[in-house]
Amino acid sequence: MSGQATDGADLRRTPLYDSHVALRARMVPFTGYEMPVQYAGIMAEHVQTRASAGLFDVSHMGQAWLKGPDHATTAAVLETLVPGDILSLAPGRQRYTQLLNERGGILDDLMVSHSAAPEIDGWLYLVVNASRKEEDFAHIRAHLPEGMVLEEKPEWALIALQGPKAEAVLERLAPGVAELSFMSGNLFSCTLNGQAAAIYVSRSGYSGEDGYEISVLGSDAPALWNALLAHSEVEPVGLGARDSLRLEAGLCLYGNDIDETTSPIEAGLIWSISKRRRQEGGFPGAERVQKEIAEGTSRKLVGLKLEGRAPARQGTVIAAKDGTELGIVTSGGFGPSVEGPVAMGYVETASAKPGTQVDLVVRGKSLPAIVEKMPFITPGYKR
Amino acid sequence: MSKVYYTEDHEWISVDGDVATVGVTNHAQEQLGDVVFVELPQVGKTVAKGDEAAVVESVKAASEVYAPVSGEIVETNGDLEGEPSKVNEDAEGSAWFVKIKLSDTSELDATMDEAGYKAFVEENS
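Residues numbered from 1 in each chain as written. Chains lettered and ligands numbered in written order. Predicted model: local features only at pLDDT ≥ 70, side-chain atom pairs only at ≥ 80, totals over all residues. Heavy atoms only, no water.

## Focus on the pairing of strand E9 (residues 156-162) of chain A
Residue and element names in this part refer to chain A. Our working rule: Here's how the labels work: a residue is buried when its accessible area is under 20% of the maximum for its type, exposed when over 50%, partly exposed in between, all with a 1.4 Å probe on protein chains only. In this description a helix means any DSSP run of H or I spanning at least four residues, a strand means any run of E spanning at least two, and both kinds are numbered starting from the N terminus. Note: two strands are recorded as paired if DSSP finds a minimum of 2 bridges between them.
Within E9, seven of the seven residues are buried, which leaves it mostly tucked inside the rest of the structure. Pairing geometry for strand E3 (residues 53-57) and E9, over four bridges, is antiparallel. Residue pairing in the sheet places Gly54 in a bridge with Gln162 of E9. The sheet contact formed by E9 and strand E12 (residues 211-217) spans seven bridges and is antiparallel. Within E12, the residue paired with Ala160 across the bridge is Glu213.

Set out below in structure tokens:
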């Protein structure tokens, strides 16, 4: 058995680092940060999130304001970089989209929120992946016209509270959050250490469950973290279970399932592109995306459920029953709620139909698997 | 009474006559996390010290279990295929992986005793 090197040099820490250490989390290097991979154990944390509520530190992600004079101006500028419909985003609403390159490949995927406050109507709040934030922010800045700025918020922490009990718990601390609908957000006040603190709460997440993501000043983050953990329904959850939760929920991980070579259409993200944007184009790589919408793609990202117990990891070859190579697994592991191994990967379109039988080649053995519609679980989103 | 040896790859070897029972240590199962699948070798297969003898899959990742000694696989613990979580519950007891008929007992000279292994783990954690 081989050990892992845990070289702490040059790694950044989130404002919740001390809280993780106090909870005896196992810390690992992840995208330049020392992050908790697990506390009680991945399986227990996964099940906890699906059954009650899990608390995640995702402060490594990149948060920023994109500031323009009014919504139409700011939205129009962002729409030159993403295929999502930002113009139609109502105040307080949030949307998932992707930064695309000129070839229609995905530079990153991100969340975009239209400010709920009328006095800052021209501001969009962006949350991007930790692994891509430097590149994303430089890319966006390079495309901004005079009078618009991208303001990074490294002083903000980001905490996710996910699971069926998330609403009841957060409502006690920040009254009003229960009223938020899925993919919307607003500013709320909560009392931390006897003082009122402002938090930005959105009803969204990366687990397939109902829940919230909470943006909070880093100096207030440990108090909020502890206040949430004080509720018996809540346990801390690390990056290990975050990955198994999102995999079961059929949510893409940047760098695994989507990257600069994959288009949003191949990745099954067509739902994130509105009718207007499909027709009008006007985003990088629109030619490829529109062509793929019209004519289809040669490969597609699919869900795979293995018949046996052995997981198939990233990089596993997906083969037809006659042995022909069809593609590669991009994410794979054990699904604690599915109670078996699940994976996603790209296959030739002819083999992408749910129910198609394939083999996953693990350590030289062909493991039978079936193409399955994702998500693998029934999501708990409150729409 | 059998004697127990430990390796730097976090395996234990319990030797009774010329048969070595091999498993992973409690420290190793803690590092692995929740074990969800164990792949065992064919009985009758001959392994050399350092060869891959089994695979343990946790929720997180796959890890190889290397043969700590050379010899013939004479028995495998089929219970682990149905109940892989046994590795987390009783790593140094009922969750043994394989029994190897030793071809060279001198290979055990390169192992540690329990106290030596404990010190090794402390040094490397």
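## Some words on the interface of chain A and chain B
Where the parts come together, the accessible area they lose is often given as the size of the interface. Here is the rule we go by: The contact definition used throughout considers only heavy atoms, calling two residues in contact when any of these lie within 4.5 Å. Here's the idea: put two parts together, see how much 1.4 Å probe accessible area each one loses, and the total over both is what we call buried area. Salt-bridge detection follows one rule: a side-chain nitrogen of Lys or Arg within 4 Å of a carboxyl oxygen of Asp or Glu. Polar contacts, as counted here, are pairs of nitrogen or oxygen atoms within 3.5 Å of one another; within protein the pair requires one atom able to donate a hydrogen and one able to accept it, and residues that are adjacent in sequence qualify only if both atoms are side-chain atoms.
Facing 16 residues of chain A, the contacting portion of chain B comprises 23 residues. Where chain A abuts chain B, roughly 1,700 Å² becomes buried across the two surfaces, and 52% of that area is made up of carbon and sulfur atoms. Seen at the junction of chain A and chain B, the total is four salt bridges. The salt bridge partner of Glu39(B) is Lys365(A), with a shortest N-O separation of 3.1 Å. Joining chain A to chain B, the criterion identifies twelve residue pairs in polar contact (both at pLDDT 80 or more). Put simply, the parts of the chain that give the side of chain A that touches chain B at least two residues each are strand E2 (33-38) and helix H2 (42-51) of chain A.

## Regarding the confidence of the model for chain A
Heads up, the rule is: Values of pLDDT, which run from 0 to 100, indicate the predictor's confidence residue by residue.
Overall, the predicted model of chain A reaches an average pLDDT of 96, with 98% of residues at or above 70. Across residues 1-6 of chain A, confidence stays below pLDDT 50; counting only partners more than four residues off in sequence or on other chains, it has nine contacts.

## So, the pattern of salt bridges
Taken as a whole, this structure holds 32 salt bridges over all chains when the rule is applied. The network of salt bridges with common partners includes Glu79(A), Asp85(A), Arg276(A), Arg277(A) and Glu280(A).

## Examining helix H7 (residues 239-248) of chain A
Residues and elements named next belong to chain A. Where burial is concerned, most of H7 is hidden: nine out of the ten residues are buried. By the burial criterion, the buried members of H7 are Leu239, Gly240, Ala241, Arg242, Ser244, Leu245, Arg246, Leu247 and Glu248. On its buried face, H7 sits against strand E1 (26-30), E2, H2, E3, strand E16 (325-335) and strand E17 (340-348). Two residues or fewer after H7 comes Gly250, characterised by a positive phi angle close to 70°.

## Some thoughts on the sheet that holds strand E6 (residues 106-114) of chain A
Residues and elements named next belong to chain A. Convention followed: Lines are fitted to the C-alpha atoms to define the axes, a helix being fitted only along its stretch in contact, and any angle between axes, read from their N-to-C directions, falls within 0 to 180 degrees.
Reading across from one edge, E5-E6-E7-E4-E8 is the order of the five strands in this open sheet, with antiparallel pairing throughout. Each edge of the sheet is formed by a strand with only one pairing partner; in this case those strands are strand E5 (94-100) and strand E8 (149-152). Strand-to-strand twist of the sheet, defined as the mean angle between neighbouring strand axes without regard to direction, takes the value 30°. When E6 meets strand E7 (residues 123-128), the two strands line up antiparallel, connected through five bridges. Looking at the pairing, His114 lines up with Leu124 of E7. Those strands touched by helix H3 (residues 71-79) are strand E4 (62-67), E6 and E7, and its axis lies near 35° from that of E7.

## Some points on the side chain of Glu11(B)
Looking at the secondary structure, you find Glu11(B) in strand E2 (residues 11-16). Side-chain polar atoms of Glu11(B) contact the backbone nitrogen of Tyr66(B), separated by 3.1 Å.

## A word on the packing of aromatic side chains
Threshold: The rule is short: rings of Phe, Tyr and Trp, with Trp giving its six-membered ring, pair when the centres are within 6.5 Å, and they are stacked under 30 degrees, edge-to-face over 60, tilted in between. Counting as a charge over the ring demands two things of the Lys NZ or Arg CZ atom: a distance within 6 Å of the ring centre and an angle within 35 degrees of the ring normal.
What the rule picks out here adds up to nine aromatic pairs over all chains. Ring geometry for Tyr96(A) and Trp271(A): centres 5.5 Å apart, planes at 20°, overall stacked. Highlighted residues: Tyr96(A) in strand E5 and Trp271(A) in the loop between H7 and helix H8 (275-280), separated in sequence by 175 residues. Taken together, Trp65(A), Trp123(A), Tyr125(A), Trp156(A) and Tyr200(A) form an aromatic cluster joined through their ring pairs. For Arg13(A), the ring lying beneath its charged end belongs to Tyr17(A), and the centroid distance is 3.8 Å. The ring of Trp96(B) has Lys99(B) lying over it, and the distance from NZ or CZ to the ring centre is 4.8 Å.

## Structural notes on the sheet that holds strand E9 (residues 98-102) of chain B
All names here are of chain B. Ordered in space as E1-E2-E3-E9-E8-E5, the six strands form an open sheet in which the pairing is antiparallel. Each end of this open sheet is capped by a strand with a single partner; those strands are strand E1 (3-6) and strand E5 (46-47). Alignment of strand E8 (residues 71-76) against E9, held across five bridges, turns out to be antiparallel. Among the inter-strand pairings, Glu75 is bridged to a residue of E9, identified as Lys99.

## Comments concerning H3(A)
All names here are of chain A. Among all positions in H3, only His71, Thr74, Ala75, Val77, Leu78 and Glu79 are buried. Residues of H3 that are buried sit in contact with E4, E6, E7 and H8. Where H3 begins, the capping side chain belongs to Asp70, and its oxygen is found 3.2 Å from the backbone nitrogen of Ala72.

## Observations regarding the domain arrangement of chain A
All names here are of chain A. This is how the line gets drawn: Boundaries between domains were set according to an automatic or database domain assignment. Just so you know the grouping, Ala, Val, Leu, Ile, Met, Phe, Trp, Tyr, Cys and Pro go in nonpolar, Asp, Glu, Lys and Arg go in charged, and all remaining residues, Gly too, go in polar.
When cut into domains, chain A gives domain 1 (17-56 + 155-248) and domain 2 (298-372). With both sides pooled, the region where domain 1 packs onto domain 2 buries about 680 Å², and carbon together with sulfur makes up 70% of that total. The largest share of the area that domain 1 buries against domain 2 comes from Met43, Leu247 and Glu248, three residues that together contribute 66% of it. At the junction of domain 1 with domain 2, the criterion picks out zero salt bridges. Taken together, the connections running from domain 1 to domain 2 amount to five residue pairs in polar contact (both at pLDDT 80 or more). Secondary structure elements with two or more residues in the side of domain 1 that touches domain 2: H2 and H7. In terms of residue count, H7 provides more of the side of domain 1 that touches domain 2 than any other element does, four residues in total. Of the residues belonging to the side of domain 1 that touches domain 2, the class tally is two nonpolar, two polar and three charged.

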